[in-house]
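Structural overview
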Amino acid sequence: MPTPVRPAQHPYRVMLHNEIHARPPEAMIAPLAIAHVVMLADAAGREASRSHVAALLRDHHMAQPGADTTHLRIDLGALRMRWELHTEFVSWTFMVPAALDAIDGHEPASAVNAVARDWLAALPGQCLCSLNLWVLPMDTPDSVIRQVLHEDQLVASTVADGYGAVYTDFAIHADGFSRMVLLATGLTPRRLGRLVQRLLEIETYRMAALLGLPAAREAANVLAYAERELAELADAIRTAKRDDEPALLDRLTRLAGQVESQYAATHSRFSASSAYFELLDRRIRDIAESRLAGMQTIREFMDRRLTPARSTCEWAVRRQDALSRRVSRISNLLRTRVEIEQQQSSQALLTTMNQRQDLQLRMQSTVEGLSVAAITYYIVGLVSYLAKGAQKLGWPLSPETTAALAIPVVAGGTWCLLRRLHRRVFHAQG
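Residues numbered from 1 in each chain as written. Predicted model: local features only at pLDDT ≥ 70, side-chain atom pairs only at ≥ 80, totals over all residues. Heavy atoms only, no water.

Looking at the packing of aromatic side chains
Scanning all chains against the criterion turns up six aromatic pairs. On the numbers, 6.3 Å between centres and 85° between planes, the contact of Phe94 with Trp119 is edge-to-face. Remark: Trp119 occurs in helix H3 (residues 117-121) and Phe94 occurs in strand S4 (residues 89-97); sequence separation between them is 25 residues. Across the pair, Trp119 and Phe94 agree in class, each one buried. Ring centres of Tyr205 and Tyr276 lie 6.0 Å apart, and the angle between their planes is 20°; this geometry places the pair in the stacked category. With Tyr205 in helix H5 (residues 189-209) and Tyr276 in helix H7 (residues 245-286), the pair connects residues that are 71 residues apart, well separated along the chain. A single burial state applies to Tyr205 and to Tyr276, both of which are buried. Taken together, the ring pairs connect Trp83, Trp92, Phe94 and Trp119 into an aromatic cluster. (Phe/Tyr/Trp six-rings, centres within 6.5 Å; stacked < 30°, edge-to-face > 60°. Helix = DSSP H or I, 4+ residues; strand = E, 2+ residues; numbered from the N terminus. Buried < 20%, exposed > 50% of the residue type's maximum accessible area, 1.4 Å probe, protein only.)

This is the structure:
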């Protein structure tokens, strides 16, 4: 078979093509007990997470993950594990079959019971979310739901176009896990896997989105102070004198630096929260929920409880943008005022320089007149000495008369020479 001819391949083609297959849902069959743990981690924590899962695989004599691996499915017999590496966090999902005969009259067991306690306690990072999800048949008795969840906080709805029903109370229980029960029937394993993945992502993205709330509350205090300081500066600039402007400019520069520093510190967090809120909305739409009689749906619960937090984050972003623009306007106003005063000072300085130049020209004219007199005096003196000597040789005029006649000639010639010299100098400068 001849080798196919292919054009030059883009270096990212395979990676981009496989992106649509990244983190595919897992086929599931009820009944299942699922434990989902999300660990918030920085770059070092995510690499430590890779080493942590590698140690588990090594203990079970399994192949090690690659340096670029971002998700793994691991089958450890009765226990199945899913590891996913995200931008800000690492998710661990553990799944074991649920024993139906042990559920009736008792609280169902968590999937974490099948995980080594020391290994689980050593997960790198900080726990952001931990959820126990039980996938049970649709005919599961209501008593099981009452045993698992707080009945007075119950949120429930049908999902997957009526093929399932999900129950939760959005509460952290004594074991540190929140809880959710999914009753499903008639769903294919793939569709059930997609539904479970959406439910886990709803809890994950809900918590990730709320990471922006503490930053928004902290930013509100900084913004309130900055807004007061800016208002005081604006009023001070309105009534300030020229001597006050350097101090006002220094205060305004410090305020601008504080605002921009706070904006830079929180902008990425608010942007991430906005993206997580959008993902949360999309996942809730994906589960296609409908109302159960007398029960609040997940969408209604999220709209009611998360809208204030979401609005707080959005309002913090708007306040930051508005404050940054106001600081920029005030800075431009003060800078314009300083520039106008500098121009006025420069104009006054030029006027003073012109006046001094005129005075120097007058003084120079005076000096030139004195110079003409002095030069004339010395030249006429020489002419007088020459006349005295020339009289003995037959010069008909007396030295005094010769000197008197030479004075206007010498003075006029000297003055004409000085004026020609000035004209040449000024012409050369021009």
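Overview of the environment of Asp68
Turning to its location among the elements, Asp68 is positioned in the loop between helix H2 (43-59) and strand S2 (71-76). Between the C-alpha atoms of Asp68 and Glu203, which are 135 residues apart in sequence, the distance is 27 Å.

Re H5
For H5, which comprises 21 residues, the first-to-last C-alpha distance of 30 Å matches the rise-based estimate of 30 Å (1.5 Å per residue) to within 8%. The buried fraction of H5 is high, at 15 of 21 residues. (Expected span 1.5 Å × (residues − 1).)

A short note on the pairing of strand S7 (residues 164-172)
Of all nine residues that make up S7, eight are buried, and the element is covered over most of its length. Where strand S6 (residues 155-159) and S7 come together, five bridges link them in antiparallel fashion. Looking across to S7, one finds that Val155 is bridged to Thr168. What sits between S6 and S7 in their antiparallel hairpin is a turn of four residues, with Ala160 showing a positive phi close to 55°. Here six bridges tie S7 to strand S8 (residues 178-184), and the two strands are oriented antiparallel to one another. Considered in S8, the bridge of Val166 is made with Leu182. A loop of five residues connects S7 with S8, the two strands running antiparallel in sequence, and Gly176 in this loop sits at a positive phi of about 85°. (Pairing = 2+ DSSP bridges.)

A closer look at H7
Look at H7: 59 Å from first C-alpha to last across 42 residues, which is about the 62 Å you get at 1.5 Å a residue. At Thr266, H7 shows its largest bend, some 40°. Residue Ala288 follows H7 closely and has a positive phi angle near 50°. (Bend = angle between axes of the 7 residues up to and from the residue.)

Remarks on the pattern of salt bridges
Summed over all chains, the structure comprises 20 salt bridges. Close ionic contact of Arg80 with Glu26 constitutes a salt bridge, the shortest N to O distance being 2.9 Å. Of this pair, Arg80 sits in strand S3 (residues 79-85) while Glu26 sits in the loop between helix H1 (13-18) and strand S1 (32-40); the two residues are 54 residues apart in sequence, bridging distant segments of the chain. Where Glu84 meets Arg82, a salt bridge forms, and the shortest distance between an N and an O atom there is 2.4 Å. (Salt bridge = Lys/Arg side-chain N within 4 Å of Asp/Glu carboxyl O.)

Here we look at a nonpolar patch on the surface
Together, Tyr12, Met15 and Leu16 make up a nonpolar patch on the protein surface, roughly 340 Å² of accessible area in all. Turning to its location among the elements, Leu16 is positioned in helix H1. (Patch = residues over 30% accessible without salt bridge, like charges linked within 9 Å, V, L, I, M, F, W, Y side chains within 5 Å. Areas by Shrake-Rupley, 256 points an atom, 1.4 Å probe, with all protein chains shown as cover.)

Comments concerning the packing of helix H6 (residues 212-239) against H7
One can describe the packing of H6 onto H7 by two numbers: an axis separation of 10 Å at closest approach and a directional angle of 155°. Classified by the angle their axes make, H6 and H7 are roughly antiparallel. As H6 packs across H7, the resulting crossing turns out to be left-handed. Looking at the contact of H6 with H7 residue by residue, the class counts come to 16 nonpolar, four polar and four charged. (Axes fitted to C-alpha atoms, helices over the stretch in contact; angles between N-to-C directions. Parallel < 35°, antiparallel > 145°, perpendicular 65-115°, else oblique. Left-handed = near helix turned anticlockwise from the far one by under 90°. Nonpolar A, V, L, I, M, F, W, Y, C, P; charged D, E, K, R; others polar.)

Description of the nonpolar core
Counting 39 residues, the largest nonpolar core has Ile34, Leu182 and Val196 as its most contacted members. Examining the composition of this core, we find that nine residues originate from one element, H5, more than from any other. Contact partners of Leu182, with chain neighbours within four places excluded, come to Leu133, Trp134, Val135, Leu136, Val159, Ala165, Val166, Leu192, Leu195, Val196 and Leu199. Ranked by size, the runner-up nonpolar core spans 35 residues in total, among them Leu123, Trp134, Ala156 and Leu183. (Core = buried A, V, L, I, M, F, W, Y, C linked by side-chain atoms within 4.5 Å. Contact = heavy atoms within 4.5 Å.)

On their own, these measurements won't tell you what the molecule is for.
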